[in-house]
Amino acid sequence: MEKMPTTNKKLIDWVNKMARLCGPERIVWIDGSEEQKLALEKESVANGDLIRLNQEKLPGCFLHRTAHDDVARTEHLTFICTKKKKDAGPNNNWMRPQAAYQKAKKIFKSSMSGRTMYVIPFSMGPVGSPFSKIGVELTDSRYVVLNMLIMTRCGNAVLGQLEKNDNFTKCLHSKAKLDINNRLILHFPEDNTIWSVGSGYGGNVLLGKKCLSLRIASFQAKKEKWMAEHMLIMGIEEPNGHVEYIAAAFPSACGKTNLAMLVPPEGLKKKGYRIWTLGDDISWMRVDSDGSLWAVNPETGFFGVAPGTNSKTNPNMVETIRKNTIYTNVLLKPDNTVWWEGADGDAPAQGIDWKGNPWKPNTTDSEGKIIKGAHPNARFTAPIVNCPSASFRLEQHHGVPISAIIFGGRREHVAPLIYQSFNWQHGVFVGATMGSELTAAQVGKLGQVRRDPMAMLPFCGYNMAEYFKHWLNMGKLMAKPPKIFHVNWFRTDKAGKFLWPGFCENLRILEWILDRCNNKVNAMETPIGYIPYPFDIDMTGLKLSENAMDSLLKVNKEEWLEETKGINKFFAMFKKDLPKELTDELEALMERLKGYGQ
Ligand code: GTP
Ligand code: SPV
Ligand code: MN
């Protein structure tokens, strides 16, 4: 065996054991140096894994295309492998650990033959912070290495940490044959281990992201009394120069990235607001000695959705992805730049689509459907430091204090634009019952609500009933818990049009949220929580159609009574494990609704 750049015996033994299983031709340790990164890029271009883009217009940028059936997370092939099925809960696919290891071993066996196995030591969170967790990912994919170099802190600095600490998540990944029938994403929280095989797509293979920072971390957070959440983190600098921080949980594709880096609309810019971005996907939060909740983003990059990103919807992201960015499954233009549906400018007259085929606008397939240039889940991987609104607190070991937690989903009806929970326990109920409507793109009845508690349904690494208890308990540990709110940018009018313009205008709602946190405004009490007096939302420079604000803020008794039935059905899945506080909250809500005159 080659010489190992560590004296950590546990690490050396594990790397050797996994190498014996996967049979790589050689082992390369990732040191985090620029030279090594450049060499890997060169090799990737030579073997066709990456296409080097126009270096004048997009310096340091590359394009990657995945296999056609490997374009998104595969939740049905994702498992939580705990000794007891109950510990995974009704919210997860479960396999017995022994059976899972056996099944995966067959696929891993000699899967790296003729390939290099890369060893990536990485830290989620600033290196050396008490907030951080270390992982080591073994992979046969250079694409994974190059993405991990953007998304995490990795290399020798992390190995240094492992000289004095044996605690790391063992992450094994192999592309194997990229066969969907031999694909498994396995989590062993009791062994602090992740095994992923048969995929080359982001969320399945960048094991620091959803696998470690949410599924494994949520399991650890419960034990260690902290929180690992699917939340953006942002700072809002107020006109007086003070910065308040908020965290927000919306399900996948419901607007976290957009909110995290919004540019204030003209009307509010004059007041002096400024946004500071800390993260767009994951938040780790702890109670500090001051009794409030402090958050860090464990990641260092964005893995964001490309389609729809343009200088109107998200100008800061357009700036961010101009350099040192890896594009996945977008369209390649003749000048070696990239394009996607909803990008700036017109569609190019021709190009190469995400599948690698020649493409022209408005061409249809055999079923008459328009062929897209980019896959709808095409993504870019870009460093946070590229972002014009990147926070100066990104490297701070203790993170930032959180004043408000915001939940949100995609609801045509029912949920008003904004409401505030009565207290922490009620806020946990609001998060636990949040839902999003299925769109035409998803399996299921159009408009049907899928409950996605705290936007964590696909990411909670244990029984969600226990997760709810954990949220309730965390509230008790805080002298100054964040206030909890719920937003809905997606309410529609009778014609099905969005009532609220969204995007940068959402700052008007954030302003009200901060005013509530600082006791600056009163609010109307309704059965579901506090809603704003319309005159407390600053509408300078924004004109809505007549009565739009009333419709946006309306709490409809009948709709909400119907909603409680859905919640009741959802709660039933957790049987006796559901904390009583949540059934109490549901009953109290029903009582308040019954007495609500309209
Ligand atoms: P993941 O990366 O999958 O976790 O998603 P995300 O939550 O970061 O979602 P993202 O910000 O990428 O937005 C997803 C979609 O929501 C895009 O199509 C946006 O155009 C749309 N969107 C975001 N914010 C708003 C808004 O305020 N109003 C409306 N109507 N649409 C929005
Ligand atoms: C999500 O689906 O919520 C994402 C993308 O953020 S992935 O990293 O693929 O999970
Ligand atoms: Mn996400």
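Residues numbered from 1 in each chain as written. Chains lettered and ligands numbered in written order. Predicted model: local features only at pLDDT ≥ 70, side-chain atom pairs only at ≥ 80, totals over all residues. Heavy atoms only, no water.

Draft legend 1. Looking closely at the site of ligand 1. What surrounds ligand 1 is a group of 19 residues, the closest being A253, K256, T257, N258 and F503. Within the backbone of A253, one N or O atom sits 2.9 Å away from an oxygen atom of ligand 1. Measuring from an oxygen atom of ligand 1, one finds a backbone N or O atom of C254 at 3.5 Å. Surface burial for ligand 1 is 87%, taken as the share of its 660 Å² of free accessible area covered by protein chains. Looking at which element gives the most residues to the shell around ligand 1, the answer is helix α9 (residues 256–260), with three residues. (Near = heavy atom within 4 Å. Polar contact = N/O pair within 3.5 Å; in protein donor to acceptor, adjacent residues only side chain to side chain. Areas by Shrake-Rupley, 256 points an atom, 1.4 Å probe, with all protein chains shown as cover. Helix = DSSP H or I, 4+ residues; strand = E, 2+ residues; numbered from the N terminus.)

Draft legend 2. Representation of the domain arrangement of the protein in the model. On domain assignment, one finds that the protein holds domain 1 (9–49 + 74–224), domain 2 (229–300 + 394–594) and domain 3 (301–386). Each of domain 2 and domain 3 has a C-alpha centre, and the two are 30 Å apart. Tallying the contact residues gives 13 residues for domain 2 and nine residues for domain 3. Inspection of the region where domain 2 meets domain 3 yields zero salt bridges. Of all the secondary structure elements, the ones that give two or more residues to the side of domain 2 that touches domain 3 are α9 and β14 (274–279). Residues of the side of domain 2 that touches domain 3, tallied by class, amount to six nonpolar, five polar and two charged. (Domains from an automatic or database assignment. Contact = heavy atoms within 4.5 Å. Salt bridge = Lys/Arg side-chain N within 4 Å of Asp/Glu carboxyl O. Nonpolar A, V, L, I, M, F, W, Y, C, P; charged D, E, K, R; others polar.)

Draft legend 3. Focus on the coordination of the manganese ion (ligand 3). At this site the manganese ion (ligand 3) is bound by K210 (NZ), H230 (NE2) and D281 (OD), with donor distances of 2.2 to 2.5 Å. Around the manganese ion (ligand 3) sit six donor atoms; with metal-centred angles ranging over 63 to 171 degrees, the donor geometry is irregular. All donors to the manganese ion (ligand 3) come from one chain, and their sequence spacing reads K-x19-H-x50-D. Of this pair, K210 sits in helix α8 (residues 208–224) while D281 sits in the loop between β14 and β15 (283–287), and the two are 71 residues apart along the sequence. For the pair K210 and D281, one class covers both residues: buried. (Donors = N, O, S within 2.8 Å, 3.2 Å for Na, K, Ca; no water. Tetrahedral: all angles 85-135°; square planar, octahedral: opposite > 155°, others 65-115°. Buried < 20%, exposed > 50% of the residue type's maximum accessible area, 1.4 Å probe, protein only.)

Draft legend 4. Summary view of unusual backbone geometry. Located in the positive-phi region is A253, a residue other than glycine, with phi close to 60 degrees. On the accessibility criterion, A253 (58% relative accessible area) is exposed. Positioned with a positive phi, N362 is a non-glycine residue whose angle comes to about 65 degrees. Mapped onto the secondary structure, N362 falls in the loop between β22 (358–359) and β23 (379–383).

Draft legend 5. Seen up close, the packing of aromatic side chains. This model, assessed by the stated rule, comprises 24 aromatic pairs. With a centroid separation of 5.4 Å and 10 degrees between ring planes, the pair formed by Y533 and F535 is classed as stacked. On the accessibility criterion, F535 (66% relative accessible area) is exposed. Taken together, the aromatic side chains of F429, Y462, Y467, F468, F570, F571 and F574 make up a single cluster linked through ring pairs. R286 extends its terminal NZ or CZ atom over the ring of F131, reaching a point 5.3 Å from the ring centre. Lying over the aromatic face of Y530, R516 brings its terminal NZ or CZ to 5.1 Å of the ring centre. (Phe/Tyr/Trp six-rings, centres within 6.5 Å; stacked < 30°, edge-to-face > 60°. Lys NZ or Arg CZ within 6 Å of the ring centre and 35° of its normal.)

Draft legend 6. Structural context of the sheet that holds strand β3 (residues 62–64). Read from one edge to the other, the open sheet built from five strands follows the order β2-β3-β18-β23-β17, with strand pairing classed as mixed. Both edges of this open sheet fall to β2 (51–52) and β17 (301–305), since each of them pairs with a single strand only. The sheet contact formed by β2 and β3 spans two bridges and is antiparallel. Residue pairing across strands places R52 opposite F62, the latter belonging to β3. (Pairing = 2+ DSSP bridges.)

Draft legend 7. Structural view of the side chain of E229. With respect to the helices and strands, E229 occurs in strand β11 (residues 227–229). Summary of buried charges: E229 has no salt-bridge partner, and the nearest side chain of opposite charge, K256, is 11 Å away. At a separation of 3.2 Å, a polar atom in the side chain of E229 contacts the side chain of W471. Among all residues touching E229, those that are not within four sequence positions of it are L214, D281, I282, S283, M285, M454, M456, Y467 and W471. (Lys, Arg positive; Asp, Glu negative; His and termini not counted.)

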